[in-house]
Amino acid sequence: MPGPEVLLYGLPLAFLAGFIDAVAGGGGTITLPTLFFMGLSPAQVVATNKLLAIFGSGSATVQYWRKGHVDRPLVLRLIPLALLGSAIGAYLVHFVNPDAFRTLVGVVILGVGALVLANKSFGLEDRYPGLTARTLALTLPGTFIIGMYDGFLGPGTGTFAMFLFALAGFNLVRASGNARTLNFATNLGAFLFFLIGGQMVWWIGLPMGLANALGAALGARMAMLRGSAFVKWMYGLIVLLVSARLFLR
């Protein structure tokens, strides 16, 4: 078991992860390797990461929610599907080797990132039409698939969710707010599941969770202050980080 000195680098990295995740997703690309480097077992890493993730995603959700950047009627309809998909994805891990899909997902997320960045107007204006049949036909199955991916593999879940909401017509700031809220729900569901397993390292997860929450609050405020152009730039960076983690694992 590591000593308290690991928090000297764990806390600032958790803060950075929270900031990045609140803007464009992908904070797990920083926190998961950090927890591994601390010497935790794989089970402890996954469980402890969910502990600190609910702090970060919860903090970002509060910021976006209070400023009106979360479409509550839509997101509240999607949360049950995300939770169901996440549970099914976690179940499928026992039957399918996730490593077989890492390269494919890496290619897909790079393609998604290229589409977002190549289209100069994508996500810069809010064109969300409301709860139309087209919106629900896109977001309901999309959310279920993203939930399954989160339970099955994980990296880039928030980034995929942002893309889904941008496709639905939201600008990237509102897409990020919706994605963080959805991600908070899935993180909370996973946290409750891992809580039963007793693998969380609380003395690491709680302080890193608080640092993650502070970073997330700052990141959400920065995204809302700087607007969709800033989020789009950060989105491109996160796509590269997530893809690198998937390819190099």
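What counts and what doesn't
- Residues numbered from 1 in each chain as written.
- Predicted model: local features only at pLDDT ≥ 70, side-chain atom pairs only at ≥ 80, totals over all residues.
- Heavy atoms only, no water.
- UniProt positions renumbered as here; feature names shortened; annotations may be inferred.
- Helix = DSSP H or I, 4+ residues; strand = E, 2+ residues; numbered from the N terminus.
- Buried < 20%, exposed > 50% of the residue type's maximum accessible area, 1.4 Å probe, protein only.
- Contact = heavy atoms within 4.5 Å.
- Areas by Shrake-Rupley, 256 points an atom, 1.4 Å probe, with all protein chains shown as cover.
- Phe/Tyr/Trp six-rings, centres within 6.5 Å; stacked < 30°, edge-to-face > 60°.
- Expected span 1.5 Å × (residues − 1).
- Polar contact = N/O pair within 3.5 Å; in protein donor to acceptor, adjacent residues only side chain to side chain.
- Core = buried A, V, L, I, M, F, W, Y, C linked by side-chain atoms within 4.5 Å.
- Axes fitted to C-alpha atoms, helices over the stretch in contact; angles between N-to-C directions.
- Parallel < 35°, antiparallel > 145°, perpendicular 65-115°, else oblique.
- Nonpolar A, V, L, I, M, F, W, Y, C, P; charged D, E, K, R; others polar.

If you check an unreviewed UniProt entry, the protein chain appears there as Probable membrane transporter protein from Deinococcus sedimenti. Recorded under Subcellular location (unreviewed entry), the UniProt text for the protein chain is reproduced unchanged: "Cell membrane". Of the comments in the UniProt record for the protein chain, the one headed Sequence similarities (unreviewed entry) reads "Belongs to the 4-toluene sulfonate uptake permease (TSUP) (TC 2.A.102) family."

Caption draft 1: Fine view of the overall build of the protein chain. Regarding its fold elements, the protein chain presents 10 helices and zero strands. Within the protein chain, the fraction of its 249 residues that count as buried is 56%. Taking contacts inside the protein chain between residues at least 6 apart in sequence as the whole, the part at least 24 apart equals 84%. Only carbon and sulfur atoms are counted for the fraction: they give 72% of the accessible area of the protein chain, which is about 11000 Å².

Caption draft 2: Fine view of the packing of aromatic side chains. Evaluation of the coordinates by the stated rule reveals five aromatic pairs. Between Phe165 and Phe170, the aromatic rings sit 6.1 Å apart at their centres with planes inclined by 75 degrees, giving edge-to-face as the arrangement. You'll find Phe165 and Phe170 in the same group, each marked buried. Taking the centre distance of 5.4 Å and the plane angle of 75 degrees together, the rings of Phe193 and Phe194 count as edge-to-face. Looking at Phe194, the relative accessible area reads 23%, which means it is partly exposed. Pairwise contacts between aromatic rings join Tyr128, Phe165 and Phe170 into one cluster.

Caption draft 3: Molecular detail of helix H8 (residues 172-197). Here H8 contains 26 residues, and its C-alpha end-to-end distance of 36 Å stays within 8% of the 38 Å for a straight helix at 1.5 Å per residue. Sitting at the amino-terminal end of H8 is Asn171, which places a side-chain oxygen 3.1 Å from the backbone nitrogen of Val173. Phi turns positive, to about 70 degrees, at Gly198, one or two residues after H8.

Caption draft 4: Local environment of the nonpolar core. Counting residues in hydrophobic clusters, the biggest one holds 52 residues, and the most contacted among them are Val23, Tyr64, Phe165 and Tyr235. Here this core takes eight residues from helix H10 (residues 228-248), the largest share from any one element. Among residues more than four places away in sequence, those in contact with Tyr64 are Ala22, Val23, His69, Val70, Val173, Ser176, Gly177, Arg180, Ala220, Ala223 and Met224.

Caption draft 5: Up close: helix H6 (residues 133-152). The first and last C-alpha atoms of H6 sit 29 Å apart over 20 residues, in line with the 28 Å expected at 1.5 Å per residue. Within H6 the residues assigned to the buried category are Thr135, Thr139, Gly142, Thr143, Ile146, Gly147, Tyr149, Asp150 and Phe152.

Caption draft 6: How the structure looks around the packing of helix H2 (residues 28-37) against H10. Taken N-terminus to C-terminus, the directions of H2 and H10 make an angle of 40 degrees; their axes are 10 Å apart at the nearest point. One finds that H2 runs oblique with respect to H10. Taking contact as the criterion, the partners of Gly28, Thr29 and Leu32 in H2 are, on H10, Leu241, Val242 and Arg245. Of the residues that constitute the contact of H2 with H10, the class distribution is three nonpolar, two polar and one charged.

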